[in-house]
Amino acid sequence: MSVDLGVPDFDPRSLPFDAPAEADSYVLEVAGQPLEIGAVSLGNPHAVLTVAAVESAEVARLGPLIERHARFPKRVNAGFLEIVSRDEVRLRVYERGAGETRSCGTGACAAVAVAKRRGRLDAQVRVGVRGGELRVNWAGVGEHIWLTGAAQISFQGHVEV
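Residues numbered from 1 in each chain as written. Predicted model: local features only at pLDDT ≥ 70, side-chain atom pairs only at ≥ 80, totals over all residues. Heavy atoms only, no water.

### Observations concerning unusual backbone geometry
Glycine aside, negative phi is the norm for most residues, and most peptide bonds take the trans geometry.
And step 1. The step from leucine 15 to proline 16 runs through a cis peptide bond, and the omega angle for that step is -10°.
And step 2. The residue proline 16 is located in the loop between strand 1 (2–4) and strand 2 (26–30) in this model.
And step 3. At alanine 31, a position not held by glycine, the phi torsion is positive, near 50°.
And step 4. Along the polypeptide, alanine 31 turns up in the loop between strand 2 and strand 3 (33–41).
And step 5. Accessibility expressed as a relative area gives 52% for alanine 31, which makes it exposed.
And step 6. A positive phi angle, near 70°, is found at arginine 75, a position not held by glycine. (Helix = DSSP H or I, 4+ residues; strand = E, 2+ residues; numbered from the N terminus. Buried < 20%, exposed > 50% of the residue type's maximum accessible area, 1.4 Å probe, protein only.)

### A word on the side chain of lysine 116
And step 1. Relative to the elements of secondary structure, lysine 116 occurs in helix 2 (residues 105–117).
And step 2. Once residues lying within four places of it in the same chain are set aside, the contact partners of lysine 116 are Leu121, Asp122, Ala123, Trp138, Ala139 and Gly140. (Contact = heavy atoms within 4.5 Å.)

### Some words on the packing of aromatic side chains
And step 1. Within this structure, the stated rule accounts for three aromatic pairs.
And step 2. With 6.2 Å between their ring centres and 40° between their planes, phenylalanine 10 and tryptophan 138 make a pair best called tilted. Of the two residues, phenylalanine 10 sits in the loop between strand 1 and strand 2 while tryptophan 138 sits in strand 9 (residues 132–138), which places them 128 residues apart along the sequence. Here phenylalanine 10 and tryptophan 138 have matching classes, each one buried.
And step 3. A centroid spacing of 4.4 Å and a plane angle of 20° characterise the contact between phenylalanine 17 and phenylalanine 72, whose relative ring orientation is stacked. Placement of the pair is phenylalanine 17 in the loop between strand 1 and strand 2 and phenylalanine 72 in the loop between helix 1 (59–67) and strand 5 (77–85), with a sequence separation of 55 residues. With respect to burial, phenylalanine 17 and phenylalanine 72 carry one shared label: buried.
And step 4. In textbook terms, an aromatic cluster arises when at least three aromatic residues are bridged by ring pairs, as seen for Phe17, Tyr26 and Phe72.
And step 5. Above the ring of phenylalanine 10, the side-chain terminus of arginine 117 is found at 4.3 Å from the ring centroid. (Phe/Tyr/Trp six-rings, centres within 6.5 Å; stacked < 30°, edge-to-face > 60°. Lys NZ or Arg CZ within 6 Å of the ring centre and 35° of its normal.)

### A few points about the pairing of strand 6 (residues 88–95)
And step 1. As judged from the seven bridges shared by strand 5 and strand 6, these two strands associate in the antiparallel manner. Paired with serine 85 across the bridge in strand 6 is glutamate 88.
And step 2. Between the end of strand 5 and the start of strand 6, which pair antiparallel, lie two residues.
And step 3. Pairing analysis gives three bridges linking strand 6 to strand 8 (residues 124–129), with the strands arranged parallel. Across the sheet, the residue bridging to valine 89 is valine 127, located in strand 8.
And step 4. Note: strand 6 against strand 7 (residues 99–101), three bridges, orientation antiparallel. In the strand pairing of strand 7, tyrosine 94 is matched with glutamate 100.
And step 5. Between strand 6 and strand 7, which pair antiparallel in sequence order, lie three residues; one of them, glycine 97, sits at a positive phi of approximately 80°. (Pairing = 2+ DSSP bridges.)

### Quick word on the nonpolar core
And step 1. In terms of nonpolar packing, the biggest core is built from 26 residues, with Leu81, Leu91, Ala108, Val127, Val136 and Ile145 touching the most fellow members.
And step 2. Counting residues per element, the ones that place at least two in this core are strand 6, helix 2, strand 8, strand 9 and strand 10 (145–148).
And step 3. In terms of residue count, helix 2 provides more of this core than any other element does, eight residues in total.
And step 4. Leaving out residues up to four positions away in the same chain, leucine 91 has contacts with Val54, Gly79, Phe80, Leu81, Gly107, Ala108, Ala111, Val127, Gly128 and Val129.
And step 5. Membership of the second largest hydrophobic core comes to 22 residues, among which are Val30, Ile37, Ala39 and Val59. (Core = buried A, V, L, I, M, F, W, Y, C linked by side-chain atoms within 4.5 Å.)

Here is the structure:
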């Protein structure tokens, strides 16, 4: 299944994110250390942190601190991105209000958009997440971003009203 997720929006006001102007990267002070992030909205806000390896990334510790950082007044999804090659990345996402998830389509698109905007990725990228593999296709700034991957039911339930 392929889905058009629209045009990534890098304007900090769209997230909202407290930054003086749009930039490729920003520095966040988190737990006494500076972290370089990228920020983008795909209808929901994402902060993307590039790490050496997602398996050893401090998602459980840094995820909630980034999610609730004062510069993101409505909170933010925190993506931990490992760049394997120009067409392959690995990703873990700490979603606002939910914690770490096995897969996040907007998170995959956000990570690719941030890294491609910095010139580190090609237009077609495989994204390895704990729940499997996604594919993201993005020609660049101002263009629509496309997500391709398997759709699976993760929960079914009934509610009486």
